[in-house]
Amino acid sequence: MSAECSSYLNADKVLVSGFSCPRTGGDASAVYCCGFQDVKYCCDDPRSFFPYEHSYMWWLSVGALVGLSIAAVVLFAFIITVCVLCYLFISTKPRSKLDTGLSLQMADSETRGSSIC
């Protein structure tokens, strides 16, 4: 049993000529043509979509999920902290103007003249 992989353009737009599976010097059980439009290879599973082991994809997925979960928790904690700090700032803010202890009043022109002498 063998399969034919048709020619294709790879990611660099270079024409790769067609080949038959299994390839000479390759795995004898890789009798199916697998891959995408820009990369084709011989494989032993007709449902295979990636040129690497599925366990690699599994660990990549687990690592990505763990990383995204940690990032989501950190972002959530940051947003909660900002909301709590804003609430505390607004709720502890005095409702009336603060008394600075200085009363500023306009001085009379008579008072000014007598204090200079």
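Cut-offs used in this document
- Residues numbered from 1 in each chain as written.
- Predicted model: local features only at pLDDT ≥ 70, side-chain atom pairs only at ≥ 80, totals over all residues.
- Heavy atoms only, no water.
- Core = buried A, V, L, I, M, F, W, Y, C linked by side-chain atoms within 4.5 Å.
- Buried < 20%, exposed > 50% of the residue type's maximum accessible area, 1.4 Å probe, protein only.
- Contact = heavy atoms within 4.5 Å.
- Disulfide = S-S within 2.5 Å.
- Helix = DSSP H or I, 4+ residues; strand = E, 2+ residues; numbered from the N terminus.
- pLDDT = per-residue confidence, 0-100.
- Pairing = 2+ DSSP bridges.
- Phe/Tyr/Trp six-rings, centres within 6.5 Å; stacked < 30°, edge-to-face > 60°.
- Lys NZ or Arg CZ within 6 Å of the ring centre and 35° of its normal.

Chemist: Requested: an account of the nonpolar core, with residues and values cited.
Modeler: Side chains that are nonpolar tend, in soluble globular proteins, to be buried together. Core analysis: the biggest nonpolar cluster contains 6 residues, these being C5, Y8, F19, C21, A30 and C42. If near-sequence neighbours (up to four positions away) are discounted, C5 is found in contact with G18, F19, C21, C33, K40 and Y41.

Chemist: Kindly report on the state of the cysteines, identifying the contributing residues and their values.
Modeler: Scanning the entire structure with this criterion turns up 3 disulfides. Through a disulfide, C5 is tied to C33; the S-S separation comes to 1.8 Å. Judged by the torsion about the S-S bond (125 degrees), the C5/C33 disulfide is right-handed. In this pair, C5 is assigned in strand β1 (residues 3-5) and C33 in strand β5 (residues 32-35), connecting sequence segments 28 residues apart.

Chemist: I'd like to hear about the confidence of the model for the protein chain, residue by residue, with values.
Modeler: Chain-level statistics for the protein chain give a pLDDT mean of 79 and a share of 71% at 70 or above. Put simply, helix α2 (residues 109-116) is where the protein chain has its lowest mean pLDDT, 54, and strand β3 (residues 15-16) is where it has its highest, 92.

Chemist: Go over the pairing of β5, please, and point to the residues and values.
Modeler: Here 4 bridges tie β5 to strand β6 (residues 40-43), and the two strands are oriented antiparallel to one another. Bridge pairing in β6 links G35 to K40.

Chemist: Describe the packing of aromatic side chains, naming the residues involved and giving the relevant values.
Modeler: Counted under the stated rule, the structure contains 0 aromatic pairs. Cation over ring: R23 sits above F19, and NZ or CZ is 3.7 Å from the ring centre.

Chemist: With reference to specific residues and values, describe unusual backbone geometry.
Modeler: For the peptide bond that leads from C21 to P22, omega is 0 degrees, which places it in the cis range. With phi around 60 degrees, K13 is a residue other than glycine that occupies positive phi space. Here K13 lies in the loop between β2 (8-9) and β3. You can call K13 exposed: its relative accessible area is 65%.

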